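Summary of structural features
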Amino acid sequence: MRILVHDHSGHPFQAELSRELARRGHTVTHSYVEGYVSGKGRLEAAPGETVVFEGIGGAKLVDKQLGGKALLGRLVREVRRGFEFVQHVRRVNPDIVLVSNVQIPTLVIFALAMAVLRRPWVLWHQDVYAVAVRSMVGDKLPRHFAVVASIFEIAERWCSRRAAAVVVIAPSFVPVHEKWGTADKVTVIPNWAPLDEIVPVARKNDWATENGLDDTRTLLYSGTLGLKHNPELLVRLAKATADAGQPVRLVVVNSGPAVDVLRAEAERLDVPLTLLPFQPYERLPEVLGTGDVLVVLLEQAAGAFSVPSKTLSYLCAGRPVLGLMPGENLAAALVNRAGGLVLPPADVSIDEAGRWAARVLADDDLRDELGEASRDLAEQEFALAGCATSFEGILSAHRR
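Residues numbered from 1 in each chain as written. Predicted model: local features only at pLDDT ≥ 70, side-chain atom pairs only at ≥ 80, totals over all residues. Heavy atoms only, no water.

Along the chain, E265 turns up in helix 9 (residues 258–269). Contacts of E265, omitting those with residues within four sequence positions, involve E232, V235 and R236. (Helix = DSSP H or I, 4+ residues; strand = E, 2+ residues; numbered from the N terminus. Contact = heavy atoms within 4.5 Å.)

As enumerated under the stated definition, the model contains seven aromatic pairs in all. Among the aromatic residues, those joined into a ring-pair cluster are F13, W124, W192 and F391. (Phe/Tyr/Trp six-rings, centres within 6.5 Å; stacked < 30°, edge-to-face > 60°.)

Spanning twelve residues, helix 9 covers 16 Å between terminal C-alpha atoms, matching the ideal 16 Å at 1.5 Å per step. Among the residues of helix 9, those classed as buried are A258, V259, L262, E265, A266 and L269. Considered in projection along helix 9, the buried side chains sweep an arc of 135° and stay on one side of the axis. Residues D260, E267 and R268 are exposed on helix 9 and point more than 90 degrees away from its buried face. D270 occupies a position one or two residues after helix 9 and carries a positive phi of about 55°. (Expected span 1.5 Å × (residues − 1). Buried < 20%, exposed > 50% of the residue type's maximum accessible area, 1.4 Å probe, protein only. Arc of directions from axis to C-beta.)

Turning next to the packing of helix 8 (residues 232–243) against helix 9. Where helix 8 contacts helix 9, the two axes come as close as 8 Å, and the packing angle between them is 30°. Considering the angle they form, helix 8 stands roughly parallel to helix 9. As helix 8 runs across helix 9, the sense of the crossing is right-handed. Taken together, the residues of helix 9 that come into contact with helix 8 (itself represented by E232, L234, V235, R236 and K239) are V261, L262, E265, A266 and L269. Its residues assigned to classes, the contact of helix 8 with helix 9 shows six nonpolar, no polar and four charged. (Axes fitted to C-alpha atoms, helices over the stretch in contact; angles between N-to-C directions. Parallel < 35°, antiparallel > 145°, perpendicular 65-115°, else oblique. Left-handed = near helix turned anticlockwise from the far one by under 90°. Nonpolar A, V, L, I, M, F, W, Y, C, P; charged D, E, K, R; others polar.)

As a further point, take the environment of I104. Here I104 is to be found in helix 3 (residues 104–117). C-alpha separation for the pair I104 and R203, spaced 99 residues apart in sequence, amounts to 41 Å. In this structure I104 touches Y129, F152, A155 and E156, once residues within four positions along its chain are discounted.

Our next topic: a nonpolar patch on the surface. On the surface, L112, V116, L117 and W158 cluster together into a nonpolar patch covering about 360 Å² of accessible area. Counting residues per element, the nonpolar patch draws most heavily on helix 3, at three residues. Along the chain, L112 falls in helix 3. Since its relative accessible area comes to 47%, L112 is described here as partly exposed. (Patch = residues over 30% accessible without salt bridge, like charges linked within 9 Å, V, L, I, M, F, W, Y side chains within 5 Å. Areas by Shrake-Rupley, 256 points an atom, 1.4 Å probe, with all protein chains shown as cover. Salt bridge = Lys/Arg side-chain N within 4 Å of Asp/Glu carboxyl O.)

The N-to-C vectors of helix 3 and helix 5 (residues 145–162) enclose an angle of 35°; their axes lie 10 Å apart at closest approach. Taken as a pair, helix 3 and helix 5 cross one another with a handedness that is left-handed. For the pair helix 3 and helix 5, contact is made by I104, L107, V108, A111 and L112 and by F152, A155, E156, W158, C159 and R162, respectively. Looking at the contact of helix 3 with helix 5, its residues break down into nine nonpolar, no polar and two charged.

Here we take up the pairing of strand 9 (residues 249–253). Extensive coverage of strand 9 is indicated by the burial of four of its five residues. Relative to strand 10 (residues 273–276), strand 9 runs parallel, the two sharing four bridges. Along strand 10, the bridge assignment pairs V253 with L276. (Pairing = 2+ DSSP bridges.)

The next point concerns the pairing of strand 4 (residues 96–100). In terms of burial, strand 4 is a largely internal element, five of the five residues being buried. Pairing geometry for strand 1 (residues 2–7) and strand 4, over five bridges, is parallel. Considered in strand 4, the bridge of L4 is made with V97. In terms of strand pairing, strand 4 meets strand 5 (residues 121–125) through four bridges, oriented parallel. In the strand pairing of strand 5, S100 is matched with W124. For the crossover that starts at strand 4, traverses helix 3 and ends in the parallel strand 5, the hand is right-handed. (Right-handed = clockwise from strand over helix to strand, strands pointing away.)

Quick look at the structure:
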C-alpha cells in the first residue's frame, strides 16, 4: 500500500508505527506540523529506512492561545492548514490516509475534501475535543466556550461519520461513538511507547551532568503543560516532598506559558527549580533517566478521554512514576500496576504524594525495584508487532 500517516503533533509512537509499516514493505510517508511545539519523536529517516518524513505548515511556531483575537487567529490558521493538508495528500497520492491529533477546523476541511475526492481515510482518535472543551467551561475557559464545545461535537461527529474506520485509544471512547452512530467502525488500540528508543539509562548520565543534576534528588516532569494540566501542583508536590524530610529539585522540561507560572510559584514557595525547553528526542532516555521520580499531571476534567503519552514513555525509561491524575484514566491503571502512586490532581492529595515521593527518594532499593517494575510492564504492554498488525489490517481493508 501507499500509506500517508499524518500526526499533527509529531509524537514518537506514531513515527514508530510508520517505520514498522515501511519495514513491512509498504510505501509510507509520515507528516507532521513542523511549527507545533511538543515532545517530538524521531522524525528523520535513518540510513536504509524507506519511510519518508515531511513537516508541513512551515516552521513558524504555532500559537496555542485561545482567548479573544488569538482564538480567531488560531481558527484562521487551522482552516488554512486544512487546505495545506489536502494539497499534501494530493501530492503524496496515497491509497489511504491515517490521521492523528488533527485540530477540528483542519479535520473538517480535510474530511470534506476527501469526500469530494472519494479518498478513504482512517481517524486515529486521540482526544474527544468536544468533551475536553466542555469539561473546562467555567473553569479554565470562559462560559461562551460552551457554544464552541457544541460546534466541536457536531464537527467531530460529522468527521467520524466520513472516516472509513476509527481507531480509539481506550474503551471509554466507545460510548461517545455509540452516541454518534459510528461505533460499528471503531477499533480499540491502546497507545504505546517505543521500547527500542526509550530505554533505561544510568542515573548519572551525560545530560544529568551537563545540567548539574547528577548529584541531586529530582522530581521530573517532561512534556506538554496545557489546559489539561495544573502546573502549580508540580511545585507544591516538590514543597510537600521537602516538608516530608527529603530535599528535592523540581525539573520541568517544557516550553510555553506554563513556564512563567512555574517560576512564580517556585519563587513563592522557595522550591529549587530547573526549567528547560523540550530536548532533542535522541536525548530523551537521558532526560527521563535523570528523574528519580517521574511525575504525570492530568486534570480531573480530562478524565477518561485523554491518555498522557508521557506516562508510557516514563514506564519505558524504567523509573518510579507518580501520577496526579484521575483514577479512571487508562494510564493510571498502568502506573498502579507498575507499583507507582496515583492520586487525584488536587491540593488535598499533595501531602500524601509528597510523603510517598520522599520515601522513594530516600530508599535506593525501593527506587530500583519500582523502576524495574515500570520497564517490565512496558515490555509486556508495548509490543509493536501486534499494534502494527492491527493497523495494517484496518488500513488494508479500507484502501482505495
